[in-house]
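The residues making up each chain are set out below.
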Amino acid sequence: NAGVTQTPKFQVLKTGQSMTLQCAQDMNHEYMSWYRQDPGMGLRLIHYSVGAGITDQGEVPNGYNVSRSTTEDFPLRLLSAAPSQTSVYFCASSKGAPGELFFGEGSRLTVL
Amino acid sequence: AQSVAQPEDQVNVAEGNPLTVKCTYSVSGNPYLFWYVQYPNRGLQFLLKYITGDNLVKGSYGFEAEFNKSQTSFHLKKPSALVSDSALYFCAVRDAGYSTLTFGKGTMLLVSP
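Conventions we followed
Residues numbered from 1 in each chain as written. Chains lettered and ligands numbered in written order. Predicted model: local features only at pLDDT ≥ 70, side-chain atom pairs only at ≥ 80, totals over all residues. Heavy atoms only, no water. Helix = DSSP H or I, 4+ residues; strand = E, 2+ residues; numbered from the N terminus. Polar contact = N/O pair within 3.5 Å; in protein donor to acceptor, adjacent residues only side chain to side chain. Contact = heavy atoms within 4.5 Å. Buried area = accessible area lost by both parts, 1.4 Å probe. Salt bridge = Lys/Arg side-chain N within 4 Å of Asp/Glu carboxyl O. Nonpolar A, V, L, I, M, F, W, Y, C, P; charged D, E, K, R; others polar.

Trainee: Lay out the side chain of Asp38(A) with the relevant residues and their values.
Mentor: Residue and element names in this part refer to chain A. Within the element layout of this structure, Asp-38 appears in strand β4 (residues 31-38). At 2.8 Å, the side chain of Asp-38 and the side chain of Arg-36 are in polar contact. Within the local environment of Asp-38, its side chain forms a polar contact with the side chain of Ser-87, the two groups lying 2.8 Å apart. Leave out the neighbours within four places in its chain, and Asp-38 touches Arg-44, Thr-86 and Ser-87.

Below, the structure written as structure tokens:
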């Protein structure tokens with residue numbers, strides 16, 4: 001099994017540009033989530049989904065959109081990139097309520 | 001609300017010595033507690049969890065953690081550290097009634113030969 005797959009692994013954007021970080025899982029997990037990791041800040045939850053068609057905001061949702069049209073995919077959209085969104089982004093999934101999360105390898109985003 | 005604190009940014013230990021990485025939590029209901037490990041340039045990997053039952057839980061790679069309800073702590077332990085244990089460790093908590101997992105800021109464990 002591939003597990004949780006994130007693309008791209010690296011991306012450089014200019015301020016104001018938009019982009020989508022892709023996340024796909026092949027484990028038939030209901031729960032999917034996006035975190036960002038910043039030095040000294042740990043992991044902070046951006047958005048999450050408990051099933052197809054259902055999404056909700058986490059701790060730091062501003063500037064990001066998500067959708068969940070299928071069980072497998074949970075893309076994260078940056079509408080107008082800002083330097084404050086420079087970070088490493090992780091997608092994670094679990095069977096049922098979050099606990100034993102399976103993480104992707106991360107996407108490193110730099111906004112100039 | 002739920003929160004977790006890891007009071008140490010870094011823990012240094014010599015190979016072969018026991019290690020402890022500290023974690024305290026705050027929830028309004030029953031806590032579900034977790035430890036994860038992150039190696040350089042990788043995603044997080046699940047190590048162990050406490051849901052209910054014995055206060056001492058065992059996990060991957062010889063790690064264990066002790067749940068202490070009165071001290072609201074869930075410290076990660078290992079009897080004999082290996083150089084390969086050097087990594088970033090995260091404690092996480094979920095209140096039984098919540099749909100989100102909250103992580104601590106992480107503790108860097110450095111094991112010297």
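We are not done yet, so read on.
Trainee: Outline the environment of Val93(B), listing residues and values.
Mentor: All names here are of chain B. Mapped onto the fold, Val-93 is located in strand β10 (residues 87-95). Along the primary structure Val-93 and Glu-15 are separated by 78 residues, whereas in three dimensions their C-alpha atoms are 29 Å apart. The contacts of Val-93, once residues within four sequence positions are left out, are Gln-2, Ser-3, Val-4, Tyr-25, Val-27, Pro-31, Tyr-32, Leu-33, Thr-100, Leu-101 and Thr-102.

Trainee: Can you tell me about the interface of chain A and chain B, naming the residues and giving the values?
Mentor: Frequently, the measure chosen for interface size is the accessible area that the parts lose on association. Contacts between the two partners involve 19 residues from chain A, matched on the other side by 18 residues from chain B. Summed over both sides, the interface of chain A with chain B buries roughly 1,500 Å², with 55% coming from carbon and sulfur. Put simply, chain A and chain B have one salt bridge between them. Joining chain A to chain B, the criterion identifies six residue pairs in polar contact (both at pLDDT 80 or more). Among the elements of the structure, β4 and β5 (42-51) of chain A are those that each provide at least two residues to the side of chain A that touches chain B. A class-by-class count of the residues in the side of chain A that touches chain B yields eleven nonpolar, five polar and three charged.

In short, geometric facts, not functional conclusions.
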